[in-house]
Amino acid sequence: MSLKQRNLYIKDWRFWFKIAAIFIGLFAILGEYINGMVNISNVWKIPDGSTDKVYVWKLFDANGNAYWDYAGYTVFFLSFFTIQTNILVVLWFIFAAIWHTKEGVHKFLKPYFSLAVAVYISITCIVYNLVLLPVGLANSGSGKGSALSVFSWVIQTFLHFIVPMLCIIYVIFFLKKDNLVSNKQFIKKYYGYYVIYILVYGVYAIIRGLLREFSGKLVSTAYPYFFLQVTVPKILGLPGYAWFIIVVFVLLAMILGFATLYNFAFNRLNKKKQLTLASK
């Protein structure tokens, strides 16, 4: 890197925004992971109709000695959509910082790849704050779940609000954009690609959950989210498979809604910028 390029990086606030977002994202992801590893023995569930505590990650060898399944917990941790999308955001900001001067040009920094990252993390933010958090609080209040510690609350806020807002704000308002298309063209050209990740994730999460369930694990611990528990007869009044079908259609609609909204914002802001430059 030449001295001139280095100065471009150092003097541009966008570069430091990216660096800050990287550290904030890493703090949230690693904080959640380390917190879970340190407190792995405290993670337990109570089966319906029973007062027994089941330690999710407790395993026994042939001699009856107990040990903790850190590898299993790690796979479980990485199976959450929240974690995957936060990792995606951190990776995007890393690429954006490394190729700072190629924003909007490099294949990972082009508008519609960047918009996809913003769409996925938006889903994380909305689904958690409007669905999963209320359900978790309700379970905690009824004694079916454990209350979060102060540190856990902080980490969850970072994962589900602060990191999403950093990504959305930067991509929508400050990303350098070129070769934009109308919403109609966007739907024809990009929407199909955007839904692939969601569908692949859903298939993976259900298959993994079924394997864990058929291996004797509690259903409530086999799947990362309650709406993936397709074998459960009743969840909040509906069969598990019904929740899955509903959520699939909701997510497809959310992808369409967020993507077209952000693409509309892209075009409006770009048009406003062109008018501002033309008036000078």
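Every chain's residues receive numbers from 1 upward, in the order its sequence appears when written. Local features are withheld for residues below a pLDDT of 70 in this predicted model, meaning they are given only at 70 or higher, and side-chain atom pairs are given and counted only at 80 or more; totals for whole chains, interfaces and linings count all residues. As a convention, hydrogens and water are excluded, and side-chain values are obtained from all of the structure's heavy atoms.

**A few points about the overall build of the protein chain**
Turning to step 1, where the next piece is worked out: A run of H or I in DSSP becomes a helix once it reaches four residues, and a run of E becomes a strand once it reaches two; helices and strands are each numbered from the N terminus. Along the protein chain, the regular secondary structure elements total 10 helices and 4 strands.
Turning to step 2, where the next piece is worked out: Tracing the protein chain from N to C terminus, the helices and strands come up as α-α-β-β-β-β-α-α-α-α-α-α-α-α.
Turning to step 3, where the next piece is worked out: Burial here depends on accessible area, computed with a 1.4 Å probe over protein chains only, as a share of the maximum for the residue type. Under 20% is buried, over 50% is exposed, and the range in between is partly exposed. By the burial criterion, 40% of the 280 residues in the protein chain qualify as buried.
Turning to step 4, where the next piece is worked out: Contact definition: two residues touch when any of their heavy atoms are within 4.5 Å. Partitioning the contacts of the protein chain with sequence separation of at least 6, the portion at a separation of at least 24 is 68%.
Turning to step 5, where the next piece is worked out: Exposure was quantified through the Shrake-Rupley algorithm and a 1.4 Å probe, taking into account, for residues, occlusion by the shown protein chains and nothing else. Of the roughly 15,700 Å² that the protein chain leaves accessible, carbon and sulfur atoms contribute 68%.

**Observations concerning the pattern of salt bridges**
Turning to step 1, where the next piece is worked out: Salt bridge, as used here: a side-chain nitrogen of Lys or Arg that lies within 4 Å of a carboxyl oxygen of Asp or Glu. Summed over all chains, the structure comprises 1 salt bridge.
Turning to step 2, where the next piece is worked out: With a shortest N-O distance of 2.6 Å, glutamate 103 and lysine 18 are connected by a salt bridge. Here glutamate 103, found in the loop between helix H4 (81-98) and helix H5 (111-142), pairs with lysine 18, found in helix H2 (residues 13-38); they are 85 residues apart in sequence, far enough to count as distant.
Turning to step 3, where the next piece is worked out: Judged by relative accessible area, lysine 18 falls into the buried class, the value being 0%.

**Here's the deal with the UniProt feature "transmembrane region" (unreviewed entry) in the protein chain**
Turning to step 1, where the next piece is worked out: Taking the UniProt record as the reference, the feature "transmembrane region" (unreviewed entry) is found at residues 15-34, 70-99, 111-131, 151-175, 191-211 and 241-265.
Turning to step 2, where the next piece is worked out: Between the C-alpha atoms that bound residues 111-131 the distance is 29 Å, and the span itself is 100% helix and 0% strand.
Turning to step 3, where the next piece is worked out: Between the first and last C-alpha atoms of residues 241-265 the distance is 36 Å; the span itself is 100% helix and 0% strand. UniProt positions are given in the numbering used here, feature names are shortened, and annotations may be inferred rather than shown by experiment.

**Notes on the confidence of the model for the protein chain**
Reading fine detail from the predicted coordinates is not recommended where pLDDT is low.
Turning to step 1, where the next piece is worked out: One confidence number per residue, pLDDT, is output by the predictor and ranges from 0 to 100. On average, residues of the protein chain carry a pLDDT of 87, and 89% of them reach 70 or more.
Turning to step 2, where the next piece is worked out: Least confident of the elements in the protein chain is helix H1 (residues 3-11), whose mean pLDDT is 69; most confident is H4, at 96.

**With respect to the layout of surface pockets**
Turning to step 1, where the next piece is worked out: There is about 280 Å³ of room inside the second largest pocket.
Turning to step 2, where the next piece is worked out: Contributing to the lining of the second largest pocket are 20 residues, with Phe81, Tyr201, Phe227, Val247 and Leu251 lying nearest its centre.
Turning to step 3, where the next piece is worked out: At the level of secondary structure, the elements contributing two or more residues to the lining of the second largest pocket comprise H4, H5, helix H8 (191-214) and helix H10 (240-279). Detection works on a 1 Å grid of protein atoms alone, calling trapped sets that fit a 1.4 Å probe cavities and calling open sets with protein on both sides within 12 Å along at least five of seven lines pockets, with lining residues defined by an atom within 4 Å of a point. Grid points are joined across faces, edges and corners, and a volume is the space filled by probe spheres set on the points.

**Overview of the nonpolar core**
Turning to step 1, where the next piece is worked out: Only buried Ala, Val, Leu, Ile, Met, Phe, Trp, Tyr and Cys residues count toward a nonpolar core, and they belong to the same one when joined by side-chain atoms within 4.5 Å. Core analysis: the biggest nonpolar cluster contains 74 residues, and Trp92, Leu115, Val119, Ile123, Tyr194 and Phe227 have the highest contact counts within it.
Turning to step 2, where the next piece is worked out: Ranked by residues supplied to this core, first place goes to H5 with 13 residues.
Turning to step 3, where the next piece is worked out: Each residue touching valine 119, except ones within four places of it in the same chain, is listed here: Tyr194, Ile255, Phe258, Ala259 and Tyr262.

**Overview of the side chain of threonine 85**
Turning to step 1, where the next piece is worked out: Its place among the elements puts threonine 85 in helix H4.
Turning to step 2, where the next piece is worked out: From its side chain, threonine 85 meets the backbone oxygen of phenylalanine 81 in a polar contact 2.8 Å long.
Turning to step 3, where the next piece is worked out: Under the rule applied, a polar contact is a pair of N or O atoms within 3.5 Å (in protein, one hydrogen donor and one hydrogen acceptor; residues adjacent in sequence only if both atoms are side-chain atoms). Polar contacts involving the side chain of threonine 85 include one to the main-chain carbonyl oxygen of threonine 82, which spans 3.0 Å.
Turning to step 4, where the next piece is worked out: With near-sequence residues (within four places) excluded, threonine 85 lies in contact with Tyr120, Ile121, Thr124 and Tyr197.

**A short note on the environment of asparagine 86**
Turning to step 1, where the next piece is worked out: Within the secondary structure, asparagine 86 is located in helix H4.
Turning to step 2, where the next piece is worked out: Taking relative accessible area as the criterion, asparagine 86 reaches 0% and is therefore assigned buried.
Turning to step 3, where the next piece is worked out: Along the primary structure asparagine 86 and phenylalanine 158 are separated by 72 residues, whereas in three dimensions their C-alpha atoms are 9.8 Å apart.
Turning to step 4, where the next piece is worked out: Residue contacts for asparagine 86: discarding those within four places in its chain leaves Ile29, Ile121, Thr124, Leu159 and Val163.

**Here's the deal with the packing of aromatic side chains**
Turning to step 1, where the next piece is worked out: Working definition: a ring pair exists when centres of Phe, Tyr or Trp rings (six-membered ring for Trp) sit within 6.5 Å. Plane angles under 30 degrees give stacked, over 60 give edge-to-face, the rest tilted. Taken as a whole, this structure holds 34 aromatic pairs when the rule is applied.
Turning to step 2, where the next piece is worked out: Look at tyrosine 120 and tyrosine 197: their rings are 5.0 Å apart centre to centre, the planes differ by 65 degrees, and that puts the pair in the edge-to-face class. Placement of tyrosine 120 in helix H5 and of tyrosine 197 in helix H8 is noted, with a sequence separation of 77 residues between them.
Turning to step 3, where the next piece is worked out: According to the relative accessible area criterion, tyrosine 120 is buried, its value standing at 7%.
Turning to step 4, where the next piece is worked out: Taken together through their ring pairs, the aromatic side chains of Tyr33, Trp57, Tyr73, Phe76, Phe77, Phe80, Tyr225, Phe226, Phe227 and Trp243 make up a single cluster.
Turning to step 5, where the next piece is worked out: Geometrically, a lysine NZ or arginine CZ counts as sitting over a ring once it is within 6 Å of the ring centre and also within 35 degrees of the ring normal. Taking NZ or CZ as reference, lysine 58 lies 5.5 Å from the ring centre of tyrosine 55, over its face.

**Some thoughts on H2**
Turning to step 1, where the next piece is worked out: A helix is expected to reach a length of 1.5 Å times the quantity of its residues less one. Its 26 residues place the ends of H2 37 Å apart at the C-alpha level, agreeing with the 38 Å of an ideal helix rising 1.5 Å per residue.
Turning to step 2, where the next piece is worked out: Of the residues that open H2, the one with a side-chain oxygen 3.0 Å from the backbone nitrogen of arginine 14 is aspartate 12.

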